[in-house]
Amino acid sequence: MKILVALLVVFSVTLPALADPEADRLAFAEFYLSRFPSIELQAHKDGAYALDQAKREQWLEMEDFPPYEIAVDEGELLYARAFDNGESYAACFDQGGLGIKQNYPYFDIERSEVITLEMALNLCREKHGEAPLDYAGELMGNLTAYMAYTSRGNKFAITVPPEGLSAYEAGKQFFYERRGQLNFACSSCHLQSAGGMLRAEILSASIGHATHWPTYRFKWEQIGGLHKRFIECNEQVGAEGLAQQSPAYRNLEYFLTYMNNGMTLNGPASRK
Amino acid sequence: MNRNLSMILRLTALVASILFPVSLALAEELPEVIPTSIDKGRSIAFNRNAGNCLSCHFVVDAELPGNLGPPLIQMQARFPDRAVLRAQIWNAASQNPDTIMPPYGKHNILTESEVDLVVDYIYSL
């Protein structure tokens, strides 16, 4: 309880001049460590399956035949295919785009906005004269599944340059702000109530929320990105879901992924 | 309705009336049941698109209740003043500003009279 109060104090400081992402992250990690003393931080990358043994076992059985495998294979083919001008995605990214997801999203100082991996892929296409892909579509899901797969085992290393602080702050505010008819913040469920049961659903910790995207969700019957989940979590409290890759969601992803710094990437994943 | 299906249903009804004549006869003689305010409140509290209280609270005969809030039991003992109970449901933040319980009245999730019915029901627990 004391830690929750301390967190609320830390996070209620809204003066941008005082923003200190690293202090925020340490408080965030400390909160989950004291909420779940017997669960190591890294384990939260499996979300709710880190918190319930029976659900975990069912899930591990499902993982014997990973439902995202096809997406990874298709994504690899897509990724290698040349654009009409002869170039390919590899030319747009460090290390040819392999094993780099731990650096996304980042704050682009020139464009003065947060760039997610999905957006970087579309910027690459645009640069080479190709039409952008639908953010909610299968092709984007497959491409990012492949890129996530090549980044497995790496650890998030998001940076916030001084120019990026206000984007970070906006994302943080979104996370702690109550919204919708039911009046919930992201933090109401995934921080304040993490580990509790909402009906039959166990509420996962936000410290593992960025590690495993895109995710094949049985409910969706397809692979989808983090922003698709944001939309669902917004709508279930009667708030408006925003467009995938809208500035507000990119800022939220920036904050959330910074909070996941040091966590091991394990995407793509499967969820119920 | 599909002809075969309606035939099957009618046959089932017929067989049932032969097998259980007494219970059917009883059912026919029962006066129409008028739901009490407690019944109405219960169904509002249970409905996922209305109170959905069970997503966070245990109450008797709840299936798969959540546990984010305390079990709703012995409410008269815990809320000797009914108005305090109503205020908790109307706007839980008035008692605890950091609450995660939705403000049912304040945010028009339920109407005034629905809140009253839910209070009737909860107070009976």
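Bear in mind that the values here come from a model prediction, so they are computed numbers and not experimental data.

Enquirer: Let's hear about the nonpolar core: which residues, and what values?
Expert: In terms of nonpolar packing, the biggest core is built from 38 residues, with F28(A), Y32(A) and F175(A) touching the most fellow members. Of all the elements in the fold, those that place two or more residues in this core are α2 (21-35), α7 (165-176), α8 (186-192), α9 (226-235) and α10 (247-259) of chain A. Element by element, the count of residues in this core is highest for α10(A), at 7 residues. The next biggest cluster of nonpolar side chains, apart from the first, holds 25 residues, and it includes L54(B), L85(B), Y121(B) and Y123(B).

Enquirer: Tell me what's going on with the packing of α2(A) against α7(A), and back it up with residues and numbers.
Expert: All names here are of chain A. Closest axis-to-axis distance for the α2/α7 pair is 12 Å, and the angle between their directions is 30°. The angle between α2 and α7 places the two elements in the roughly parallel class. Facing α2, whose interface residues are P21, D24 and F28, α7 presents L165, Y168, K172, F175 and Y176. Split into classes, the residues belonging to the contact of α2 with α7 amount to 6 nonpolar, no polar and 2 charged.

Enquirer: Give me the lowdown on the sheet that holds strand β5 (residues 215-217) of chain A, citing residues and values where you can.
Expert: Residue and element names in this part refer to chain A. Spatial ordering of the open sheet is given by β6-β5-β7, a layout of 3 strands whose pairing is mixed. Of all the strands in the sheet, the pair left with one neighbour each is β6 (222-224) and β7 (269-271). Across the sheet, the mean angle separating the axes of adjacent strands is 35° when strand polarity is ignored.

Enquirer: Now, about the pattern of salt bridges: what can you tell me, with residues and values included?
Expert: Residue and element names in this part refer to chain A. Going through the model one piece at a time under the given rule, you end up with 14 salt bridges over all chains. Linking R111 and E113 is a salt bridge whose minimum nitrogen-to-oxygen distance equals 2.9 Å. Residue classification places R111 among the partly exposed residues on the basis of a relative accessible area of 41%. Its salt-bridge partner being E232, residue K219 comes within 2.7 Å of it at the nearest N-O pair. Residue K219 is located in the loop between β5 and β6, and its partner E232 is located in helix α9; the two are separated by 13 residues in the primary sequence.

Enquirer: Provide a residue-level description of unusual backbone geometry, including the pertinent values.
Expert: All names here are of chain A. Cis geometry marks the peptide bond from Y104 to P105; its omega dihedral reads 0°. Of note, P105 is situated in the loop between α4 (69-80) and β1 (106-108). Non-glycine residue S112 carries a positive phi angle of around 55°. You can see S112 is positioned in the loop between β1 and β2 (113-115). Phi is positive for R199, which is not a glycine, with a value near 50°. Position of R199 among the secondary structure elements: in the loop between β3 (197-198) and β4 (201-202).

About the thresholds
Residue positions are given per chain, counting from 1 as you read along its sequence in written order. Going through the entries in the order they are written, you letter the chains from A and number the ligands from 1. Per-residue local features are limited, in this predicted model, to residues with pLDDT of at least 70; the limit for side-chain atom pairs, both in listing and counting, is 80 or more; totals at the level of whole chains, interfaces and linings are taken over all residues. Water and hydrogen atoms were dropped before computing side-chain values, which therefore reflect all heavy atoms in the structure. By nonpolar core is meant a set of buried Ala, Val, Leu, Ile, Met, Phe, Trp, Tyr and Cys residues that side-chain atoms within 4.5 Å join together. Working definition: with a 1.4 Å probe on protein chains only, accessible area under 20% of the residue-type maximum means buried, over 50% means exposed, and in between means partly exposed. Under the scheme used here, helices are H or I runs from DSSP no shorter than 4 residues and strands are E runs no shorter than 2 residues, and both carry numbers assigned from the N terminus. Here an axis means a line fitted to C-alpha atoms, over the contact stretch when the element is a helix, while the angle between two N-to-C directions is reported on a 0 to 180 degree scale. Our angle categories are set so that under 35 degrees counts as roughly parallel, over 145 as roughly antiparallel, 65 to 115 as roughly perpendicular, and the remainder as oblique. What makes two residues a contact is simply this: any of their non-hydrogen atoms within 4.5 Å. For this scheme, ten residues count as nonpolar: Ala, Val, Leu, Ile, Met, Phe, Trp, Tyr, Cys and Pro. Four count as charged, namely Asp, Glu, Lys and Arg, and the remainder, Gly too, count as polar. DSSP calls a pair of strands paired once it identifies at least 2 bridges connecting them. What makes a salt bridge here is a side-chain nitrogen of Lys or Arg within 4 Å of a carboxyl oxygen of Asp or Glu, nothing more.

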